[in-house]
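An overview of the molecular structure
One-letter residues, chain by chain:
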Amino acid sequence: MVTTSSQPTDAAEIASASAANNPNPIAKEDSMIEVDDVSFSYDMGKTNVLKNISFNIPAGKVTALIGPSGCGKSTLLRCLNRMNDLVDTSKVTTGQIRIMGQDINASDVDPIELRKQVGMVFQKYNPFPKSIYDNVAYGLRIQGIKNKSKLNEAVEKSLQRAALWSEVKDRLNSSALGLSGGQQQRLCIARTIAVNPRIVLMDEPCSALDPIATARIEELIAELQEEFTIVIVTHNMQQATRVSDRTAFFYLGELIEYNDTATIFANPSVRHTEDYVSGRFG
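What comes next is a walk through the structure. Computed from a predicted model, the values in this text were never measured in an experiment. (Residues numbered from 1 in each chain as written. Predicted model: local features only at pLDDT ≥ 70, side-chain atom pairs only at ≥ 80, totals over all residues. Heavy atoms only, no water.)

1. Description of the overall build of the protein chain
Looking only at helices and strands, one finds eleven helices and ten strands in the protein chain. Here the protein chain, with 282 residues, has 52% of them falling under the buried criterion. If you take every contact in the protein chain between residues at least 6 apart in sequence, the share linking residues at least 24 apart comes to 70%. Surface accessibility of the protein chain: about 12700 Å² in total, with carbon and sulfur atoms responsible for 47%. (Helix = DSSP H or I, 4+ residues; strand = E, 2+ residues; numbered from the N terminus. Buried < 20%, exposed > 50% of the residue type's maximum accessible area, 1.4 Å probe, protein only. Contact = heavy atoms within 4.5 Å. Areas by Shrake-Rupley, 256 points an atom, 1.4 Å probe, with all protein chains shown as cover.)

So, in structure tokens, the structure goes:
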């Protein structure tokens, strides 16, 4: 039985109650990403961060991952492009993550090639200490593109897609570090999408920004979903309702509830989802 207390109890109990009421709403054939019974640990298996996570993320939509700090949202996000591979003591212990049907942890998958298809925008904007132009062109040059006209075209297109071109077109050779915080984050988005990934992961992309810059990023997310599948981690419940089509609620490393965003916020199946989205805890 799920407690009616506003304070959370054991996540397994909550998730068990959730499962009967909230089957995965995304059919496999409509999925860009399939997360199938995934568990993940740090410290060589001593610290379980994710426990038997299963859900499908649809193509061409924005999916928000919400939940209290430490519930596994960002860890799962980093699993989707194998950023966790950079931590020697971390590993997926069970299950599969498939992108466009391919097991991304298979031995024949190159993580670098994977990250070309699954780009990431981090919580703290992190432009390189280079010019605006060189920031956007960086990934293209890594791929071996040297033709100046092709680079110019790609840089302009990426900055336009990131809604930054009109603000920086006359100072492309200036340092990226001279931009405002909101502009730097949009530049990082331009750098990410310059290599034309299929998926863009965003880990709290607005947490370091003021309300005006946050609103601009949210508008940009709505524009980008016409071209990309987007997965965003956010602690801001209002932001999740504004930008996402689907929402997944995590607690203590388990997926408690997953559904379209309107249902999660207006008519959740699990009491603890309701308690969290209404601000009773977290």
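More follows now that the structure is in view.
2. Some details on the packing of aromatic side chains
Across all of its chains, the model carries five aromatic pairs by this definition. Measuring from centroid to centroid gives 5.1 Å for Phe-40 and Tyr-42, while their planes differ by 85°, and the two rings are edge-to-face. Ring plane angle 75° and centroid distance 6.2 Å describe the contact between Phe-55 and Phe-250, whose orientation is recorded as edge-to-face. On the criterion of sequence distance, the pair formed by Phe-55 in strand S2 (residues 47-58) and Phe-250 in strand S9 (residues 246-251) is long-range, its members being 195 residues apart. Overall, the relative accessible area of 0% leaves Phe-250 in the buried class. (Phe/Tyr/Trp six-rings, centres within 6.5 Å; stacked < 30°, edge-to-face > 60°.)

3. Some words on the pairing of strand S6 (residues 118-121)
Residues Val-118 and Met-120 line one face of S6 and the alternating positions Gly-119 and Val-121 line the opposite face, and both faces are buried. In terms of strand pairing, S6 meets strand S7 (residues 199-203) through four bridges, oriented parallel. Bridged to Val-121 within S7 is Met-202. (Pairing = 2+ DSSP bridges.)

4. Focus on the sheet that holds strand S10 (residues 254-260)
Ordered by their spatial adjacency, six strands build an open sheet running S6-S7-S8-S3-S9-S10, and the pairing between neighbours is mixed. A strand with exactly one partner marks an edge of an open sheet, and here the two such strands are S6 and S10. Between one strand axis and the next, the sheet turns through 20° on average, direction left out of account. Sheet strands touched by helix H7 (residues 181-193): S6 and S7. Its angle to S6, the strand with the most contacts, is close to 170°. Relative to strand S8 (residues 229-233), helix H8 (residues 211-224) is tilted by about 150°, and along the sheet it contacts strand S3 (62-66), S7 and S8. (Axes fitted to C-alpha atoms, helices over the stretch in contact; angles between N-to-C directions.)

5. Overview of unusual backbone geometry
Residues other than glycine seldom take positive phi values, yet Ala-163 does so here, at roughly 55°. Relative to the helices and strands, Ala-163 resides in the loop between helix H5 (148-161) and helix H6 (165-168). Using a relative accessible area of 16% as the deciding quantity, one classes Ala-163 as buried. The phi angle at Glu-204 is positive, at roughly 50°, despite the residue not being glycine. Note on placement: Glu-204 falls in the loop between S7 and H8.

6. Some remarks on the sheet that holds S2
Read from one edge to the other, the open sheet built from four strands follows the order S2-S1-S4-S5, with strand pairing classed as antiparallel. The open sheet is flanked by S2 and strand S5 (102-103), the only strands paired with a single partner. Inspection of the sheet shows strand S4 (residues 91-99) paired to S5 by two bridges, in the antiparallel sense. Residue pairing for S5: Ile-99 is matched across the bridge by Gln-102.

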